[in-house]
Amino acid sequence: MDFLQPRSLADAIAAKAEFPGAVPIAGGTDVMVEINFDTRRPEALLDLNRVSELASWQLSDGLVRLGAGVTYTRLIAELGGLLPGLAMAARTVGSPQIRNRGTVGGNLGAASPAGDCHPVLLAAGASVEATSVRGTRMIPAAEFFAGPKRNALAADELITSVLVPAAAGPQQFAKIGTRNAMVIAVCAFALELRPPAVGTGIGSAGPTPLRAPAAEEFLAGALAESGLWECPACLPDQVAQRFGELVAAAARPIDDVRGTAAYRRHALSVLARRTLGWAWDSYRAGGGGPKCG
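Worth saying up front: this structure is predicted, and the values here are computed from it rather than measured. (Residues numbered from 1 in each chain as written. Predicted model: local features only at pLDDT ≥ 70, side-chain atom pairs only at ≥ 80, totals over all residues. Heavy atoms only, no water.)

(A) Spatial organisation of the overall build of the protein chain. Across its full length, the protein chain carries eleven helices and 13 strands. Taken against the 2.2 N^0.38 rule, which gives 19 Å for 293 residues, the C-alpha radius of gyration of the protein chain at 19 Å falls within 12% of a compact globule. The 293 residues of the protein chain split such that 49% are buried. A total of about 13,100 Å² of accessible surface is found on the protein chain, and carbon and sulfur atoms cover 54% of it. Here the protein chain contributes 27 positive and 26 negative side-chain charges, whose respective centroids are spaced 5 Å apart. (Helix = DSSP H or I, 4+ residues; strand = E, 2+ residues; numbered from the N terminus. Rg over C-alpha atoms; globule rule 2.2 N^0.38 Å. Buried < 20%, exposed > 50% of the residue type's maximum accessible area, 1.4 Å probe, protein only. Areas by Shrake-Rupley, 256 points an atom, 1.4 Å probe, with all protein chains shown as cover. Lys, Arg positive; Asp, Glu negative; His and termini not counted. Charge placed at Lys NZ, Arg CZ, Asp CG, Glu CD.)

(B) Molecular detail of the packing of helix 3 (residues 72-79) against helix 4 (residues 84-91). Across the interface, helix 3 lies against helix 4 with an axial gap of 9 Å and an inter-helix angle of 140°. It follows that helix 3 is oblique to helix 4 by the angle criterion. Note that helix 3 runs across helix 4; the crossing there is left-handed. Contacts between helix 3 and helix 4 involve Tyr72, Leu75, Ile76 and Leu79 from the former and Pro84, Leu86, Ala87, Ala90 and Arg91 from the latter. Each residue belonging to the contact of helix 3 with helix 4 can be placed in one class, and the counts come to eight nonpolar, no polar and one charged. (Axes fitted to C-alpha atoms, helices over the stretch in contact; angles between N-to-C directions. Parallel < 35°, antiparallel > 145°, perpendicular 65-115°, else oblique. Left-handed = near helix turned anticlockwise from the far one by under 90°. Contact = heavy atoms within 4.5 Å. Nonpolar A, V, L, I, M, F, W, Y, C, P; charged D, E, K, R; others polar.)

(C) Structural view of the sheet that holds strand 11 (residues 171-176). What the three strands build is an open sheet, ordered 11-12-13; its pairing is antiparallel. The open sheet has two edge strands, strand 11 and strand 13 (197-203), and neither has a second partner. Each strand of the sheet is rotated relative to its neighbour by a mean of 10°, with strand direction disregarded. Pairing analysis gives seven bridges linking strand 12 (residues 187-194) to strand 13, with the strands arranged antiparallel. The residue of strand 13 that forms the bridge with Glu192 is Gly199. Against the sheet, helix 9 (residues 213-225) engages strand 12 and strand 13, with an angle of about 150° to strand 13. (Pairing = 2+ DSSP bridges.)

(D) Here's a closer look at the state of the cysteines. Considering all chains together, one arrives at zero disulfides under this definition. Not engaged in a disulfide, the cysteine Cys234 finds its nearest cysteine sulfur in Cys231; these two sulfurs lie 11 Å apart. (Disulfide = S-S within 2.5 Å.)

(E) Up close: the environment of Ala197. Within the fold, Ala197 resides in strand 13. Given a relative accessible area of 30%, Ala197 falls into the partly exposed group. With 56 residues separating them in the primary sequence, Ala197 and Pro253 have C-alpha atoms 26 Å apart.

(F) Looking closely at the packing of helix 9 against helix 10 (residues 237-250). Relative orientation of the contacting elements helix 9 and helix 10 amounts to 165°, with a least axis distance of 8 Å. Between helix 9 and helix 10, the angle is such that the two are roughly antiparallel. As helix 9 packs across helix 10, the resulting crossing turns out to be right-handed. Across the interface between the two elements, Ala214, Ala215, Phe218, Leu219 and Ala222 of helix 9 pack against Val239, Arg242, Phe243, Leu246 and Val247 of helix 10.

Given below as C-alpha cells:
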C-alpha cells in the first residue's frame with residue numbers, strides 16, 4: 001500500500017488524479033478501523049494532514065465555508081454560534097480523542113447512513129465542494145449520498161469544503177443510541193427553523209441520510225397559517241404530533257442488531273416532537289418574528 005503525503009492542495013488534487021484509487025485520510029477514525037480489521041485494503045492512502053488549506057473556515061455573506069480538515073473539536077469551540085446544530089452533532093461523536101482527530105469532511109467521505117453530522121447538513125441545506133484537476137463543483141447535501149457508504153464523488157475528486165448557511169433560526173440535533181456515549185446512533189434527527197421555512201434531516205434510519213419533505217412543508221405551512229412565525233405562541237399539540245408522524249413516515253429503516261425498524265420509526269417521531277419543542281421554545285425566547293399587535 002502506497003502512502004502519499006502532499007503538502008499543498010494543488011499537490012493533493014494532482015495526487016488524487018494520478019492515483020484515483022487512493023483513499024483520503026485526515027483523522028483516520030473510520031479508514032484505519034477498516035484497514036486494521038482487514039475489511040478494506042486500498043491501493044494507497046492520501047494523507048491530507050499537511051494540506052493547510054483544508055484546515056480553515058471562513059464566513060462570507062451568511063455562508064460558512066468549512067474546510068474538510070476542520071476537526072470536530074474546533075467546530076465545537078469555534079462555530080457553535082454560527083452553526084449550533086452542527087456543533088451539537090459534533091459533541092455526540094465518539095470520544096474526545098476521536099473529536100480531536102475526526103473531521104466533517106471525513107464523515108462525509110465515509111457516507112455512513114449513521115454519520116452524526118449528515119442530518120444537520122441536510123436540514124441546513126448545505127453543499128459539498130468537490131475538487132479535481134478538472135475543476136470544482138458543488139453537490140447539494142441531499143444529492144451527495146448515493147447509498148450505504150457510497151457518495152457522489154468522482155474517482156479523482158476530493159472533498160475540499162462544506163458550505164453551510166449560518167443559522168438563521170433555532171437548530172436542534174438529537175440521537176438515540178444503545179448507551180449514552182461512544183455509540184453508533186440507532187436513529188438521529190436534526191431540525192432547523194429558518195422562517196418561513198423548515199429543514200429536517202434523518203440519520204441511521206435508511207440506506208442514506210434522509211430529509212422529511214412532507215414534514216417540512218406541513219410544519220412551515222401550519223406555522224404560517226396560524227400566524228405563529230410572526231407572533232409566536234405555544235405550539236398546538238396536534239401540530240407537534242403530526243410533525244412527528246410525518247418524520248417517522250419519511251424514514252426507511254431496517255431491523256438490525258441496534259434496533260428494529262418499528263422502534264426506529266417510533267423513536268424518530270419522539271425525537272421530532274422533542275426537537276421541535278426545544279427549537280420552538282428558543283424561537284419564542286428570541287422574540288420570533290415581528291412583535292404582535
